[in-house]
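Residue strings, one per chain:
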Amino acid sequence: MMMYALAAVLLGVGLYGLLVKRHLLKKVLGLLIVEHAVNLFLIQLGYIDGGIAPIRTAGEEAAAFVGNAVDPLPQVLVLTSIVIGLGLAMLMVALTLRIYQRYGSLDADRMSELKG
Amino acid sequence: MVDIIPLFVLIPLGAAFVCLLAKKKLPAAAPTVSLASALALLAMAVACHVEGASGASIAGAWSLELHGGVAFIPGIALVLDGLSAIFLLLVALVSSVVIVFGLRYMDSYDGRPLYYALLNLLIAGMNGAVLAGDLFNLYVFIEIASIASYALVAFGTGGHEIEAAFKYLMLGAVASASILIGVGILYASTGLLNMADIGAMVAAGNVSEGALLAAAALFLGGLGLKAAMMPFHAWLPDAHPSAPAPISAMLSGLLIKTLGIYALVRILYVVIGMDGPLGGSLQTILLVLGCVSMLGGVLLGLGQTDFKRLLAYHSISQMGFVLVALGANTWLGVAAGLFHAVNHALFKGALFLSAGSIERITGTRDLSKMGGLAKVAPMTAVGTAGAALSIAGVPPFNGFWSKLLILIALFQAGLPVVAAAAAITAVLTLVCFTKVQRKALFGKLPDRLATAKDVPLSMSMPVLLLALLCLLGGLMWPLGLDDVIGDAAAAVRTDAETNDAPASYRKLVHDLGRKP
């Protein structure tokens, strides 16, 4: 339960950084924290206390293996989600660089071209 | 027919790779490959519908065959039913037209092979999202399309474009996180990711109401942001106009529908279930969000003088129409909503393309600096006028029929107040587009535009084609189009006959395991 709470706290911190902070790099960091919070949440869905890695060795009893191993599916989801998150973060950093080259500033308040 | 289902994703994905590989050596290959891929997709989508019309079922499911020991385990399930088929056709049609338009329009941009690669990635993501049979693949394909669209919004690399893309990416990332947590919650409470299987468990009452409620709220928030519903709309009026015109047409015409409306319909109707314990509150939420989007979008649109920004606000408002129609929670409501989504793709695609043409002709997007374009650019003017009449809901264009059907569906569902809001929005849309026509197409030609020329045929014909389809769509409704849309609606919403729609979707997926 502790870890779920940690994921929730991380999610809150990340969203705060992403949506409230005016510094673009802090927004990027916020995005990374949000992604990690979600990954932390997902990986716990398959976790069982004292579980073993879901790799079945030869001769291992199938029923015992299924009972002891953690659920591999969330791990697969998290792997995919990490890759997607990497793509998002790279694109966001690239946009941040472009903005810096253009305005010489990373302050979102100095970017005046958008109305909304 | 089932075997071609994965091609809907693989062809555009392959085309994207070819565009990137040929970037240095053979940059001219990119447009050709993209156009060929889009036309192939169009032919395949039409073939599916022809087969569907000939009496055979359009539906089919495909999956990677993984053999885990003795049991057959469906891997990456792709499911084609009436609802998916109509969106596949729409994506193929609009993207083909957009690619033709872009052949000349994109001349002024650098890095065209990259544009085509991203465009193909966008198409692959949308096709995949429409076909995905499990929640996580739906999420992955939504992300593929979204990331391609963030990059495409920034494609002009001007200050405005990059800022709009940054804002779009920020909000899009929050939406994606929300969708992924929703997927996680459903997995935690069912141990399943397959949408049909989760739907069966929910229908059997084996999922706790709290988990369902949390998942529904997260999906509504995430997909609502992708569909630009009113409280989550802030990115759209910046992002859609900032992209190059062909991309604006793709984003407004297709992306908010495939990622937003389609995914919402699939998840709310098939997975969570509108007849279940949450049905009533979901219906209320859809109706409220729909009304706010409808009225808010059109009111904010009234004051705009930037043509593309005005169109973007009307996208929000027209999506509101679709939402209230879905909120009616009847077969007619879903059919009317889907019909309006299809129509919106056609006329908003045409309008964004013509906004690009007009910008090319006049050098501005400011409506108050235009006028009399009908004299110097007759082809573009006719196409724009047709599409504008359609969005304004003038008979016999398709926009009129779908709005009329939505009003009828709302009255039948006993929601006269919502119907009144829809009617008010329709009138305000008419007012707004009458203003556009008067300012841009008719009236006095400014002196500086006296020597302006119409755009080349490869840019005016796509707009004319879409406008023609708007007209045909209206005329075809009683002559066969109602069957196609009706099938799409019946795929998710039980109609008057004794057809349990979510159950037939489940059967489709479950037959996978029994293939020889």
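In this report, we go over the structure that sits alongside the text. Quick caveat, the model's predicted, so the values are computed rather than measured. Residue positions are given per chain, counting from 1 as you read along its sequence in written order. Each chain gets a letter, beginning with A, and each ligand a number, beginning with 1, in the order they are written. Residue-level local features of this predicted model are given only where pLDDT is at least 70; pairs of side-chain atoms are given and counted only at 80 or more, and the full residue set underlies all totals for whole chains, interfaces and linings. The side-chain numbers reported here are obtained from all heavy atoms of the structure, hydrogens and water having been left aside.

1. So, the overall build of chain B
Now for step 1: Only DSSP runs of H or I reaching four residues or more are called helices, and only runs of E reaching two or more are called strands; each is numbered from the N terminus. Within chain B, the secondary structure is distributed over 20 helices and two strands.
Now for step 2: Its C-alpha atoms give chain B principal-axis dimensions of roughly 75 × 60 × 45 Å.
Now for step 3: Across the 516 residues in chain B, those meeting the buried criterion constitute 64%.
Now for step 4: We call two residues in contact when some of their heavy atoms are within 4.5 Å. A sequence separation of at least 24 residues applies to 79% of the contacts in chain B between residues at least 6 apart.
Now for step 5: Neither His nor the chain termini are counted; the positive set is Lys and Arg, and the negative set is Asp and Glu. Here the site of a charge means NZ on Lys, CZ on Arg, CG on Asp, or CD on Glu. Placing the 28 positive and 26 negative side-chain charges of chain B at their respective mean positions leaves the two points 13 Å apart. Burial classification: accessible surface area is computed with a 1.4 Å probe over protein chains only, and a residue below 20% of its type maximum counts as buried, one above 50% as exposed, and the rest as partly exposed.

2. Some words on the nonpolar core
Now for step 1: Formed by 223 residues in total, the largest nonpolar core has its most connected members in B:L122, B:L135, B:F219, B:W235, B:I272, B:L410 and B:F433.
Now for step 2: Counting residues per element, this core draws most heavily on helix α10 (residues 245-272) of chain B, which supplies 20 residues. Nonpolar core, defined: a set of buried Ala, Val, Leu, Ile, Met, Phe, Trp, Tyr and Cys residues in which side-chain atoms within 4.5 Å join the residues together.

3. Some details on helix α7 (residues 195-203) of chain B
All names here are of chain B.
Now for step 1: Taken together, the buried positions of α7 are occupied by M195, A196, I198, G199 and V202. Considered in projection along α7, the buried side chains sweep an arc of 160 degrees and stay on one side of the axis.
Now for step 2: Capping of α7 at its N-terminal end is provided by N194; its side-chain oxygen lies 3.0 Å from the backbone amide nitrogen of A196. The arc in question is the one traced by the directions running from the helix axis out to the C-beta atoms. Counted as a polar contact is a pair of N or O atoms within 3.5 Å, where, for protein atoms, one must be capable of donating a hydrogen and the other of accepting one, and residues adjacent in sequence contribute only when both atoms are in side chains.

4. Details of empty space enclosed by the protein
Rolling a probe over the atoms, with the probe sized like a water molecule, indicates the empty space that remains.
Now for step 1: A 1.4 Å probe that fits into a set of points on a 1 Å grid over the protein atoms alone but cannot get out defines a cavity; an open set with protein on both sides within 12 Å along at least five of seven lines defines a pocket, and lining residues are those with an atom within 4 Å of a point. Grid points are joined across faces, edges and corners, and a volume is the space filled by probe spheres set on the points. All told, the structure shown has two cavities of 30 Å³ or more when counted by the stated rule.
Now for step 2: Taken as a whole, the largest cavity spans an internal volume of roughly 110 Å³.
Now for step 3: Looking at the lining of the largest cavity element by element, the count peaks at five residues for helix α2 (residues 24-45) of chain A.
Now for step 4: Under the convention adopted here, Pro, Cys and the residues Ala, Val, Leu, Ile, Met, Phe, Trp and Tyr are nonpolar, Asp, Glu, Lys and Arg are charged, and Gly plus all remaining residues are polar. For the lining of the largest cavity, the class distribution of residues is nine nonpolar, four polar and one charged.
Now for step 5: Space inside the second largest cavity adds up to approximately 40 Å³.
Now for step 6: As for the second largest cavity, its lining consists of B:L135, B:L138, B:Y139, B:I142, B:I179, B:V183, B:F219, B:L223 and B:I267.
Now for step 7: No other element matches helix α5 (residues 135-153) of chain B, which puts four residues into the lining of the second largest cavity.

5. Topic: the packing of helix α12 (residues 307-327) of chain B against helix α16 (residues 398-412) of chain B
Residue and element names in this part refer to chain B.
Now for step 1: To get an axis, a line is fitted to the C-alpha atoms, and for a helix only the part in contact is used. The angle between two axes follows their N-to-C directions and goes from 0 to 180 degrees. Running from amino to carboxyl end, α12 crosses α16 at an angle of 35 degrees, the nearest separation of the two axes being 10 Å. Our pair here, α12 against α16, has a crossing hand that is left-handed. In this structure, α12 uses Q318, F321, V324 and A325 to contact α16, whose residues at the interface are K403, I406 and L410.
Now for step 2: Counted by class, the contact of α12 with α16 contains five nonpolar, one polar and one charged residues. By convention, the crossing between two helices is left-handed when the near helix turns anticlockwise from the far helix through less than a right angle, and right-handed when the turn is clockwise.

6. A look at the interface of chain B and chain A
Now for step 1: Taken together, the contact pairs 33 residues of chain B with 34 residues of chain A.
Now for step 2: Carbon and sulfur atoms supply 81% of the area that chain B and chain A bury against each other, a total of about 3,000 Å² over both sides.
Now for step 3: What gets called buried area is simply the loss in accessible area from a 1.4 Å probe that two parts show on being joined, summed for both. Counting the surface chain B buries against chain A, the share from its top three residues, B:E163, B:F166 and B:Y187, is 24%.
Now for step 4: We count a salt bridge whenever a side-chain nitrogen from Lys or Arg sits within 4 Å of a carboxyl oxygen from Asp or Glu. Seen at the junction of chain B and chain A, the total is zero salt bridges.
Now for step 5: Where chain B touches chain A, the interface holds two residue pairs in polar contact (both at pLDDT 80 or more).

7. Some words on the layout of surface pockets
Now for step 1: In this structure, the second largest pocket encloses a volume near 600 Å³.
Now for step 2: In terms of lining, the second largest pocket is formed by 23 residues, of which the most central are A:L91, B:L114, B:L118, B:A151 and B:F155.
Now for step 3: Secondary-structure elements contributing two or more residues to the lining of the second largest pocket are α4 (72-103) of chain A together with α1 (7-21), α4 (112-131) and α5 of chain B.
Now for step 4: Here the residues of the lining of the second largest pocket are counted per class, giving 18 nonpolar, three polar and two charged.

8. Observations regarding the pattern of salt bridges
Residue and element names in this part refer to chain B.
Now for step 1: Inspection of the entire model under this criterion finds seven salt bridges over all chains.
Now for step 2: With its nearest N and O atoms 3.5 Å apart, the salt bridge here joins D107 to R104.
Now for step 3: By relative accessible area, which is 42% here, R104 ends up partly exposed.
Now for step 4: For D238, the salt bridge goes to K167, with nearest N and O atoms at 2.7 Å. Here K167 lies in helix α6 (residues 159-190) and D238 lies in helix α9 (residues 236-242), a separation of 71 residues in the sequence. Accessibility assignment for this pair places D238 and K167 in one class, buried.
Now for step 5: Each member of the salt-bridge network shares a partner with another, and the members are K167, D238 and R309.

9. So, the side chain of B:K308
All names here are of chain B.
Now for step 1: Its location among the elements puts K308 in helix α12.
Now for step 2: With no salt bridge to any partner, buried K308 finds its closest opposite charge in E359, at an N-O distance of 4.7 Å.
Now for step 3: Setting aside residues up to four positions removed in sequence, K308 forms contacts with P241, A243, P244, A245, S248, F352, A355, E359 and R365.

10. A few points about the environment of B:V288
Now for step 1: Mapped onto the secondary structure, B:V288 falls in helix α11 (residues 279-302).
Now for step 2: The sequence separation of B:V288 and B:A423 amounts to 135 residues, and the corresponding C-alpha distance is 15 Å.

11. Quick word on the packing of aromatic side chains
To describe a pair of aromatic rings, one takes the distance between the centres and the angle between the planes.
All names here are of chain B.
Now for step 1: Aromatic rings from Phe, Tyr and Trp, taking only the six-membered ring of Trp, are treated as a pair when their centres fall within 6.5 Å; an angle between ring planes under 30 degrees marks them as stacked, one over 60 as edge-to-face, and anything in between as tilted. Applying the stated criterion across every chain yields a total of 11 aromatic pairs over all chains.
Now for step 2: Aromatic side chains F87 and Y262 sit 5.6 Å apart centroid to centroid with 70 degrees between the ring planes, which places their arrangement in the edge-to-face category. Highlighted residues: F87 in helix α3 (residues 82-105) and Y262 in helix α10, separated in sequence by 175 residues.
Now for step 3: Residue F87 is classed as buried on the basis of its relative accessible area, which comes to 3%.
Now for step 4: Arranged with centres 6.1 Å apart and planes meeting at 45 degrees, the rings of Y109 and F155 form a pair that is tilted. Taken together, the residues span a long stretch of sequence, with Y109 in the loop between α3 and α4 and F155 in the loop between α5 and α6 at a distance of 46 residues. Comparing Y109 with F155, the two get one shared label, buried.

12. Examining the environment of A:L77
Now for step 1: Looking at where A:L77 falls in the secondary structure, it is placed in helix α4.
Now for step 2: A residue is classified by how much of its surface remains accessible, and A:L77, at 6% relative accessible area, is buried.
Now for step 3: If near-sequence neighbours (up to four positions away) are discounted, A:L77 is found in contact with A:L42, B:F136 and B:L193.

13. Some thoughts on the side chain of B:S178
Residue and element names in this part refer to chain B.
Now for step 1: One can find S178 in helix α6.
Now for step 2: Within the local environment of S178, its side chain forms a polar contact with the backbone oxygen of L218, the two atoms lying 2.7 Å apart.
Now for step 3: When near neighbours in sequence (up to four residues on either side) are disregarded, S178 contacts L218, G221 and G222.

14. Here's the deal with unusual backbone geometry
All names here are of chain B.
Now for step 1: The omega angle of the peptide bond from P395 to P396 is 5 degrees, so this bond is cis rather than trans.
Now for step 2: Turning to its location among the elements, P396 is positioned in the loop between α15 (378-392) and α16.
Now for step 3: Phi angles above zero are rare outside glycine, and A228 is one such case at about 60 degrees.
Now for step 4: Secondary-structure assignment places A228 in the loop between α8 (209-226) and α9.

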